[in-house]
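The primary structure of each chain is shown beneath.
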Amino acid sequence: QVQLVESGGGLVQAGGSLRLSCSASGLIFGINVMGWYRQAPGKQRDLVAHITTGGITDYADSVKGRFTISRDNAKNMVYLQMNVLKPDDTAVYYCYADQVLGSARRDYWGQGTQVTVSS
């Protein structure tokens, strides 16, 4: 089992910044991709950004140039620096981790952290 705990959410004005952190613990061997999804009220959960163990990143078009994902493999942490925040960024942000052990693959999710951007 892998446990993911997010922190860093909150209320910020449009144009402001927040940094989300996610800590992984437990059976962390075999984790490759880690990243962030978000879910706004009444909408589906969508990918924001992800990063591989080797540092390859991918972003949703809506956040490119504003958000930066990073990872500290030694500390089992993943971060999301969010700049120039917009009201449309308001959502619950979820950390996730993709683990592969032999032929078994499993995704893990954090409990989510609320990000609210006021106009």
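These lines cover the structure that appears in this document, whether it is placed above or below.

## Remarks on the pairing of strand S10 (residues 104–109)
Then, in step 1: Direction of pairing for strand S9 (residues 91–101) relative to S10: antiparallel, over a ladder of six bridges. When the bridges of S10 are listed, Tyr96 appears paired with Trp109.
Then, in step 2: Hairpin geometry of S9 and S10 is characterised by an intervening segment of two residues between the two adjacent antiparallel strands and by a positive phi of about 65 degrees at Gly102.

## Things to note about unusual backbone geometry
Then, in step 1: Despite not being glycine, Asn76 shows a phi value in the positive range, around 55 degrees.
Then, in step 2: Among the secondary structure elements, Asn76 is positioned in the loop between strand S7 (67–72) and strand S8 (77–82).
Then, in step 3: On the basis of relative accessible area, Asn76 is assigned to the partly exposed category, the value being 25%.
Then, in step 4: Backbone geometry at Val84 places phi at a positive 45 degrees, although glycine is not the residue there.
Then, in step 5: The topology assignment puts Val84 in the loop between S8 and S9.
Then, in step 6: Accessibility expressed as a relative area gives 46% for Val84, which makes it partly exposed.

## Some thoughts on the environment of Val92
Then, in step 1: Relative to the helices and strands, Val92 is located in strand S9.
Then, in step 2: Distance from Val92 to Ser25, taken between C-alpha atoms, is 21 Å for residues 67 residues apart in sequence.
Then, in step 3: Each residue touching Val92, except ones within four places of it in the same chain, is listed here: Tyr37, Arg38, Gln39, Gly112, Thr113 and Gln114.

## Re the nonpolar core
Then, in step 1: Core analysis: the biggest nonpolar cluster contains 30 residues, and Leu4, Trp36, Leu80, Met82 and Tyr93 have the highest contact counts within it.
Then, in step 2: Among the elements of the structure, strand S1 (2–7), strand S3 (18–26), strand S4 (31–39), strand S5 (46–51), S7, S8, S9 and strand S11 (113–118) are those that each provide at least two residues to this core.
Then, in step 3: Once you skip the residues sitting within four places of it in the chain, Leu4 turns out to touch Cys22, Ser23, Ala24, Met34, Cys95, Tyr96, Ala97, Tyr108, Trp109, Gly110 and Gln111.

## A word on the pattern of salt bridges
Then, in step 1: Per the stated rule, a full pass over the model turns up four salt bridges.
Then, in step 2: Here Arg38 and Asp89 are joined by a salt bridge, their closest N and O atoms 2.9 Å apart. Of this pair, Arg38 sits in strand S4 while Asp89 sits in the loop between S8 and S9, and the two are 51 residues apart along the sequence.
Then, in step 3: According to the relative accessible area criterion, Arg38 is buried, its value standing at 14%.
Then, in step 4: One connected set of salt bridges, linked through shared partners, spans Arg38, Arg66 and Asp89.

Rules behind the numbers
Residues numbered from 1 in each chain as written. Predicted model: local features only at pLDDT ≥ 70, side-chain atom pairs only at ≥ 80, totals over all residues. Heavy atoms only, no water. Pairing = 2+ DSSP bridges. Helix = DSSP H or I, 4+ residues; strand = E, 2+ residues; numbered from the N terminus. Buried < 20%, exposed > 50% of the residue type's maximum accessible area, 1.4 Å probe, protein only. Contact = heavy atoms within 4.5 Å. Core = buried A, V, L, I, M, F, W, Y, C linked by side-chain atoms within 4.5 Å. Salt bridge = Lys/Arg side-chain N within 4 Å of Asp/Glu carboxyl O.

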